[in-house]
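Survey of secondary and tertiary structure
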Amino acid sequence: MSKRFSRITREAVEYCYWLVFDADGGVRLSRGQPSLAPGERGMSITTTLPRSLFATPQLRATINITDQGTPAMEIDVNAAGTALAAVLGCEVVMSVKDAAQ
């Protein structure tokens, strides 16, 4: 265990790690911040365990994350077009289409 990713005190051990979940149901663990593929999501976790816990070597945990829904994306198309036109030096005509189309 790298001391860089954990801290030990007289009372507890603090572990810092990442869980990476993929859209196909896979999961992996990384001690440092991982690189993520497009279909992966990372979760930074810090776990603090009392040192007395190691006298009874049985751990069990359940992690539940509720779906907060997809955040609404608000894009000012006119401002984006104006900024792009200024950079490119030409007229820009933009439209936004629903991703489901």
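Below is a short write-up of the structure. (Residues numbered from 1 in each chain as written. Predicted model: local features only at pLDDT ≥ 70, side-chain atom pairs only at ≥ 80, totals over all residues. Heavy atoms only, no water.)

When helices and strands are counted, the protein chain shows one helix and four strands. A compact globule built from 101 residues should have a C-alpha radius of gyration of about 13 Å, whereas the protein chain, at 23 Å, is more than 25% larger. Principal-axis analysis of the C-alpha atoms places the extent of the protein chain at approximately 70 × 30 × 20 Å. Split by element, the accessible area of the protein chain, about 8,800 Å² in all, is 54% carbon and sulfur. The protein chain carries 10 positive and 10 negative side-chain charges, and their two centres are separated by 20 Å. (Helix = DSSP H or I, 4+ residues; strand = E, 2+ residues; numbered from the N terminus. Rg over C-alpha atoms; globule rule 2.2 N^0.38 Å. Areas by Shrake-Rupley, 256 points an atom, 1.4 Å probe, with all protein chains shown as cover. Lys, Arg positive; Asp, Glu negative; His and termini not counted. Charge placed at Lys NZ, Arg CZ, Asp CG, Glu CD.)

In terms of nonpolar packing, the biggest core is built from six residues, these being V13, Y15, Y17, L19, I45 and L49. Of all the elements in the fold, those that place two or more residues in this core are β2 (12–22) and β4 (40–50). At four residues, the largest contribution of residues to this core is made by β2. (Core = buried A, V, L, I, M, F, W, Y, C linked by side-chain atoms within 4.5 Å. Buried < 20%, exposed > 50% of the residue type's maximum accessible area, 1.4 Å probe, protein only.)

This part is about the pattern of salt bridges. Close approach of charged atoms allows side chains with opposite charge to pair. Counted under the stated rule, the structure contains three salt bridges. The closest approach of N and O atoms between R28 and E40, which form a salt bridge, is 3.1 Å. On the criterion of sequence distance, the pair formed by R28 in strand β3 (residues 27–30) and E40 in strand β4 is long-range, its members being 12 residues apart. (Salt bridge = Lys/Arg side-chain N within 4 Å of Asp/Glu carboxyl O.)

When β2 meets β3, the two strands line up antiparallel, connected through four bridges. Each residue of the ladder has a partner; that of W18, found in β3, is S30. (Pairing = 2+ DSSP bridges.)

On the surface, a cluster of nonpolar side chains totalling about 390 Å² of accessible area is made up of L84, V87, L88 and M94. Structurally, the position occupied by L88 is in helix α1 (residues 77–88). Exposure remark for L88: the relative accessible area of 53% places this residue in the exposed category. (Patch = residues over 30% accessible without salt bridge, like charges linked within 9 Å, V, L, I, M, F, W, Y side chains within 5 Å.)

The terminal C-alpha atoms of α1, which comprises 12 residues, lie 16 Å apart, in line with the 16 Å expected from a rise of 1.5 Å per residue. Following α1 by one or two positions, G89 adopts a phi angle in the positive range, close to 75°. (Expected span 1.5 Å × (residues − 1).)

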